[in-house]
Amino acid sequence: QVQLVESGGGLVQAGESLRLSCAASGRTFSRYPMGWFRQAPGKEREFVAFISTNGGPTYYADSVKGRVTISRDNAKNTVYLQMNSLKPEDTAVYYCAARTQFYNSYSYPRSYDYWGQGTQVTVSS
């Protein structure tokens, strides 16, 4: 069982930055590839970023590439999402997710086994 708790969301203006954190329980965090997803009202949950167990490789959705960086600190059982140059269309609930078994895809929600409760990010224009 893995428990994930996101934090760091909030209300910002367009062009500003936020860093989201996701703290994981358990001593095997370093074994889990991690992902960040987001879900806006009325829309499906969509992939944002992925990071493998040791910090590389990483993958990003085209919509955030160049503005977002995913990283992890295995000693702190934490994965981060640094978001810069935020846009109103980035407004969503952001979720971190852990995968504990192999899946072919890193960008589908069903490829993850555990999810956090989400943190709201609102970007005003």
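Preceding block: the structure.
Before going into details, it helps to say that this report is about the structure given with it. (Residues numbered from 1 in each chain as written. Predicted model: local features only at pLDDT ≥ 70, side-chain atom pairs only at ≥ 80, totals over all residues. Heavy atoms only, no water.)

### A word on the sheet that holds strand S8 (residues 78-83)
Stage number 1. In spatial order, the strands read S1-S3-S8-S7; together these four strands make up an open sheet with antiparallel pairing. Of all the strands in the sheet, the pair left with one neighbour each is strand S1 (4-7) and strand S7 (68-73). Taking the axes of each pair of neighbouring strands and ignoring which way they run, one obtains an average angle of 15° across the sheet.
Stage number 2. The sheet contact formed by strand S3 (residues 18-24) and S8 spans six bridges and is antiparallel. Paired with Arg19 across the strands is Gln82, a residue of S8. (Pairing = 2+ DSSP bridges. Helix = DSSP H or I, 4+ residues; strand = E, 2+ residues; numbered from the N terminus. Axes fitted to C-alpha atoms, helices over the stretch in contact; angles between N-to-C directions.)

### Side note on the pattern of salt bridges
Stage number 1. Taken as a whole and judged by the stated rule, the model has four salt bridges.
Stage number 2. Asp90 is paired through a salt bridge with Arg38; the nearest N and O atoms lie 2.9 Å apart. Here Arg38 lies in strand S4 (residues 34-39) and Asp90 lies in the loop between S8 and strand S9 (92-98), a separation of 52 residues in the sequence. Taken individually, Asp90 and Arg38 each receive the classification buried, so the pair is uniform in this respect.
Stage number 3. Residues Arg67 and Asp90 are paired through a salt bridge, measuring 2.8 Å at the closest nitrogen-oxygen approach. Here Arg67, found in the loop between strand S6 (58-60) and S7, pairs with Asp90, found in the loop between S8 and S9; they are 23 residues apart in sequence, far enough to count as distant. (Salt bridge = Lys/Arg side-chain N within 4 Å of Asp/Glu carboxyl O. Buried < 20%, exposed > 50% of the residue type's maximum accessible area, 1.4 Å probe, protein only.)

### Let's talk about the side chain of Ser111
Stage number 1. Locating Ser111 in the fold gives a position in the loop between S9 and strand S10 (114-115).
Stage number 2. At 3.2 Å, the side chain of Ser111 and the backbone oxygen of Ser105 are in polar contact.
Stage number 3. Ignoring anything within four residues of it in the chain, the contact list for Ser111 reads Arg99, Tyr103 and Ser105. (Polar contact = N/O pair within 3.5 Å; in protein donor to acceptor, adjacent residues only side chain to side chain. Contact = heavy atoms within 4.5 Å.)

### A look at the environment of Arg31
Stage number 1. Looking at where Arg31 falls in the secondary structure, it is placed in the loop between S3 and S4.
Stage number 2. Separated by 21 residues in sequence, Arg31 and Ser52 place their C-alpha atoms 8.7 Å apart.

### Some thoughts on the pairing of S8
Stage number 1. Along S8, five of the six residues are buried, which leaves the element largely enclosed by surrounding structure.
Stage number 2. Pairing between S7 and S8: six bridges, direction antiparallel. When the bridges of S8 are listed, Asp73 appears paired with Thr78.
Stage number 3. With antiparallel pairing between neighbouring strands as the criterion, S7 and S8 make up a hairpin whose turn holds four residues, including Asn77 at a positive phi of roughly 55°.

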